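# An overview of the molecular structure
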Amino acid sequence: MRDVLVIGGNRYFGKRLIDRLIAAGDRVTVLNRGSASPPAGAIHLVADRDDEAALNSALGDRTFDVVVDQVCYTPRQAAIARRVFAGGRTRRYVMTSTIEVYEYEDSLVYEDTVVPVREDAVDPRTLPVDLQLPWHKPEFLDTHYGEGKRQAEAVFTADGTEFAYTAVRVAHVLGGADDFTGRLDHYAQRIRTGTPIAVPTENRPATYIHVEEIADFLFWTVGENFTGPVNAASHGLLTTEELCAAVARHIPAGKAVFQNVDVGQVSPFSFARSYGMDNSRATGLGFAFGHVQEWLPRAVAETLGAEAGRRGVGGE
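First, a word on what this report is: a plain description of the structure on this page. Note that the structure is predicted; figures quoted are calculated from it, not measured. (Residues numbered from 1 in each chain as written. Predicted model: local features only at pLDDT ≥ 70, side-chain atom pairs only at ≥ 80, totals over all residues. Heavy atoms only, no water.)

### Side note on the packing of aromatic side chains
What describes a pair of aromatic rings is the distance from one ring centre to the other and the angle between the planes of the rings. Following the criterion strictly, the structure yields 17 aromatic pairs and no others. Ring centres of Trp135 and Phe140 lie 5.2 Å apart, and the angle between their planes is 75°; this geometry places the pair in the edge-to-face category. In this pair, the class of Trp135 matches that of Phe140, namely buried. Consider the rings of Phe217 and Trp220, whose centres lie 5.3 Å apart with planes at 50°: the pair is tilted. On the criterion of helical spacing, the pair formed by Phe217 and Trp220 is a turn pair, its members being 3 residues apart in helix H7 (residues 211-222). (Phe/Tyr/Trp six-rings, centres within 6.5 Å; stacked < 30°, edge-to-face > 60°. Buried < 20%, exposed > 50% of the residue type's maximum accessible area, 1.4 Å probe, protein only. Helix = DSSP H or I, 4+ residues; strand = E, 2+ residues; numbered from the N terminus.)

### Side note on the layout of surface pockets
In this approach the atoms are scanned with a rolling probe the size of a water molecule, which exposes any empty space left behind. By volume, the second largest pocket amounts to about 160 Å³. If you go around the second largest pocket, the residues you meet are Thr181, Gly182, Arg183, Gln265, Val266, Ser267, Pro268, Phe269, Ser270 and Phe271. (1 Å grid on protein atoms, 1.4 Å probe; cavity = no way out; pocket = protein on both sides within 12 Å on 5 of 7 lines; lining within 4 Å. Points joined across faces, edges and corners; volume = space filled by probe spheres on them.)

### Here's the deal with the sheet that holds strand E4 (residues 64-69)
Strand order in the open sheet made by the 7 strands is E3-E2-E1-E4-E5-E6-E10, with parallel pairing throughout. The open sheet terminates on both sides in strands that have one partner only, identified here as strand E3 (43-46) and strand E10 (228-232). Here the average twist between neighbouring strands, direction ignored, is 20°. Where strand E2 (residues 27-32) lies against E3, 4 bridges are found, and the strand directions are parallel. In the strand pairing of E3, Asn32 is matched with Val46. Packed onto the sheet, helix H5 (residues 145-157) meets strand E5 (90-98), strand E6 (164-170) and E10 and runs at close to 160° relative to E5. (Pairing = 2+ DSSP bridges. Axes fitted to C-alpha atoms, helices over the stretch in contact; angles between N-to-C directions. Contact = heavy atoms within 4.5 Å.)

Next up, the structure:
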């Protein structure tokens, strides 16, 4: 039996991960601010992860084989976690990171090619960290999401870290009736009504992963020993047009109408440059990904449900 702490993880693929850990016989502790209870069978600790004293108090003398941090968004949060879990509190630390770490200069070399980006395009050991930026302000964090994750990775990988560490860089996640992002519904509403879908004039593809597959991947990672960043993405790329075609097939009489824009806000999952991630490190370590084209129809059906089809026939 492994002792696993999950920080956050109350919804979407986090709760699926917890279910998998419990089903495997692990002793699972979930730490959050108390806004939601964890799945049955998990131990519940309540603390604000931004409050170092409260976090230490909630953990007490507990130790863990693995910590899975689902909600580390800033270098400040990473610095607190690194101090709190030093001294033998955990053997391994898994941070859920994001494809958005490739948002900036390190990935631009791949802009005009079909070569997916590899982990070494963003080396957290070389990234500068600025703890004085206003990471506590939601509006700043919203516009610096990728940078916050990059700097959080940098904090964990700096010299002197006392536990094995890996960052799972998660592709765009699709699927599940509990998808809270509203991104597929954005397309469904426009396809249902024929409202134009704003996309960049040069609209490029991206990598995705199904909600169940990323839960499987994180569960697998808990039991592995590798360190450093790892890309988690299904095989294959999707364009906005392909994604909308899958949505349109789920909405009778629905039609995707695209509007190319050079400036201004575009629809979610439309990108002026490629967000393709190379998953060869993970596959080489032994994880078998599915192909995005195989699970995409199921993901759309799960998220939109039968309601989308009914509204497509009878109107809103």
